[in-house]
Amino acid sequence: MTSPDSPDAPRLAALRPRLPSPVREVVDGRFERRGVRLLLKRDDLIHPELIGNKWRKLAPNLAAADGRPVVTFGGAYSNHLRATAAAGRLLGIPTVGVVRGDELAGRPLNPSLARCAADGMRLYFADRATYRRKSEPRALAGILRAADAEEAYVVPEGGSNAEAVRGCRALGAELRDRADVVAVACGTGGTLAGLAAGLAPGQRAVGVPVLKGGFLTAETEALQRQAFGGPRGTWSLDDRFHFGGYARVPDELDAFAADFERRHGLPVERLYVAKLLYGLVTLADEGAFPRGTTVAAVITGRPFPAGRARFP
């Protein structure tokens, strides 16, 4: 994150994040009968609007932006876009959101994008073919020119870059000696890359991708190279729990999340957290964790009441 003597540190500190985030042990028979302890790392309580890994990834990028406008990327239901827009409002920084799908430009904004606009984010809708090429320098330059954001500080989709990965290293450090296995839901791999780097030797991180495609191993390795010059920590991915892809919340997953809420009084965000918890229950049932193992699940977000997309 920012150093204490950074000129941006007072600005970010004014947001009053709750760090380190609390850790809560829950008793759940599905783990208990396997001799496994379950901890919840409540990153959803860091900040009411910059929630969980969004704080950890955005804070170092906001410091690097040094007051310049910020442009970033996401889909129509992007948690990252909402967090960036909220940060812009709270810090007085102009933000631009490049949204995947120019067909959305003429339609009413969904609740998620409406929240972004209400927080002052200017939205630019890019066609999907161009959006897919946004990591290519020429395509990126064209997008920034079309969005009138050529002078802005660029934060990639999902917020995952070297600065963000180094920011997420603190998450692992906060869990040193607290758990044997630390699990987190993954979209772009940045949180996992930093988390694994912050853990102590002997601990391991498990990532549960929420998108299908099996591409995150290479992405996470690349992010660790960018942030640290090479691999750090022990980590793995389990690609079985995406339920068909991002924003896919079939009835089975929704029912699981509602049951977890009733058991433990935890509001379960469906697009990331529900898939993580479902995966951990499945892994425990499969005997993936030896008896005596302590597993920490990182709760990276909470439900967005009006903006959750549900697909069968």
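**Q** I tried to follow the sheet that holds strand S3 (residues 70-74) on my own but got confused; where do I start?
**A** Strand pairs in the sheet, formed through backbone hydrogen bonds, run parallel or antiparallel to each other. Strand order in the open sheet made by the four strands is S5-S4-S3-S6, with parallel pairing throughout. Only two strands of the sheet have a single partner each, and these edge strands are strand S5 (122-126) and strand S6 (153-154).

**Q** Would you explain the packing of helix H4 (residues 79-91) against helix H5 (residues 111-118) in this entry?
**A** If you want to describe how two helices pack, look at the angle between their axes and the distance between the axes. Interaxial distance between H4 and H5 falls to 8 Å at its minimum, and their mutual angle equals 20°. Classed by the angle they form, the pair H4 and H5 counts as roughly parallel. Crossing of H4 over H5 shows left-handed handedness. Two secondary-structure elements touch here, H4 through Leu-81, Arg-82 and Ala-85 and H5 through Ser-112, Leu-113, Arg-115 and Cys-116. A class-by-class count of the residues in the contact of H4 with H5 yields four nonpolar, one polar and two charged.

**Q** How should I be thinking about unusual backbone geometry in this particular structure?
**A** Outside of glycine, negative phi angles account for most residues, and trans bonds account for most peptide bonds. Going from Leu-19 to Pro-20, the amide bond is cis rather than trans, its omega being -5°. You can see Pro-20 is positioned in the loop between helix H1 (9-13) and strand S1 (23-26). Although it is not a glycine, Arg-16 sits at a positive phi angle of roughly 55°. Looking at the element boundaries, Arg-16 is found in the loop between H1 and S1. Residue Arg-16 is classed as exposed on the basis of its relative accessible area, which comes to 72%. Of note, Asp-66 is a non-glycine position whose phi angle comes to about 55°, a positive value. The residue Asp-66 is located in the loop between helix H3 (53-65) and S3 in this model.

**Q** Looking at this model, I keep getting lost on the pattern of salt bridges. Mind explaining?
**A** Evaluated as defined, the whole model comprises 21 salt bridges. Its salt-bridge partner being Arg-37, residue Glu-25 comes within 2.9 Å of it at the nearest N-O pair. Here the residue Glu-25 occupies a position in strand S1, and Arg-37 occupies one in strand S2 (residues 37-41), the gap between them amounting to twelve residues. With relative accessibility at 44%, the residue Glu-25 sits in the partly exposed group. Here Arg-240 ties to Glu-286 by a salt bridge, and the two come within 2.8 Å at their closest N and O atoms. Separated by 46 residues along the polypeptide, Arg-240 in the loop between strand S9 (235-237) and helix H11 (251-264) and Glu-286 in the loop between helix H12 (273-285) and strand S10 (294-298) bring together distant segments of the chain. A relative accessible area of 45% means that Arg-240 is categorised as partly exposed.

**Q** Would you mind going over the packing of H3 against helix H8 (residues 162-174) with me for this structure?
**A** Two elements in contact, H3 and H8, have axes whose closest approach is 7 Å; the angle formed by their N-to-C orientations is 135°. What the angle tells us is that H3 and H8 run oblique. When the axes of H3 and H8 are compared, the crossing they make is right-handed. When H3 is examined against H8, the residues Arg-56, Lys-57, Pro-60 and Asn-61 are found in contact with a partner set consisting of Glu-163, Ala-164, Gly-167, Cys-168, Ala-170, Leu-171 and Glu-174. When the residues that make up the contact of H3 with H8 are grouped by side-chain class, the tally is five nonpolar, two polar and four charged.

**Q** Whenever I open this one, the nonpolar core confuses me. Can you help?
**A** Most often, soluble globular proteins have nonpolar side chains that are buried together. Core analysis: the largest hydrophobic core is formed by 36 residues, its most contacted members being Val-268, Leu-277, Leu-280 and Phe-289. At the level of secondary structure, the elements contributing two or more residues to this core comprise S2, strand S7 (181-186), strand S8 (204-209), H11, H12 and S10. Among the elements that line this core, the one with the most residues is H12, at nine residues. Dropping the residues within four chain positions of it, Leu-280 is found in contact with Phe-31, Ala-183, Phe-289, Val-295 and Ala-297. Within the second largest apolar cluster, 18 residues are counted, among which are Ile-46, Ala-87, Leu-91 and Ile-93.

**Q** Could you clarify how one ought to interpret H5 in this entry?
**A** Because an α-helix completes one turn every 3.6 residues, residues spaced three or four positions apart along the sequence face the same direction. For H5, the full list of buried residues reads Ser-112, Leu-113 and Cys-116. In a view along the axis of H5, the buried residues occupy a sector of 95°, so they form one face of it. Looking at the packing, one finds that the buried side of H5 touches H4, strand S4 (95-100) and S5.

**Q** Please explain the pairing of S4 as it appears in this structure.
**A** Taken residue by residue, a regular strand's side chains alternate between the two faces of the sheet. Counting buried positions along S4 gives five out of six residues, so the element sits mostly inside the fold. Taken together, the five bridges between S3 and S4 define a ladder with parallel strand orientation. Residue pairing across strands places Gly-74 opposite Val-99, the latter belonging to S4. Crossover S3 to S4 through H4 is right-handed. Looking at chain direction, S4 and S5 are connected through five bridges and run parallel. Bridge assignment links Val-99 to a residue of S5, and that residue is Phe-125. Crossover handedness for the path S4 to H5 to S5: right-handed.

What counts and how
- Residues numbered from 1 in each chain as written.
- Predicted model: local features only at pLDDT ≥ 70, side-chain atom pairs only at ≥ 80, totals over all residues.
- Heavy atoms only, no water.
- Pairing = 2+ DSSP bridges.
- Helix = DSSP H or I, 4+ residues; strand = E, 2+ residues; numbered from the N terminus.
- Axes fitted to C-alpha atoms, helices over the stretch in contact; angles between N-to-C directions.
- Parallel < 35°, antiparallel > 145°, perpendicular 65-115°, else oblique.
- Left-handed = near helix turned anticlockwise from the far one by under 90°.
- Contact = heavy atoms within 4.5 Å.
- Nonpolar A, V, L, I, M, F, W, Y, C, P; charged D, E, K, R; others polar.
- Buried < 20%, exposed > 50% of the residue type's maximum accessible area, 1.4 Å probe, protein only.
- Salt bridge = Lys/Arg side-chain N within 4 Å of Asp/Glu carboxyl O.
- Core = buried A, V, L, I, M, F, W, Y, C linked by side-chain atoms within 4.5 Å.
- Arc of directions from axis to C-beta.
- Right-handed = clockwise from strand over helix to strand, strands pointing away.

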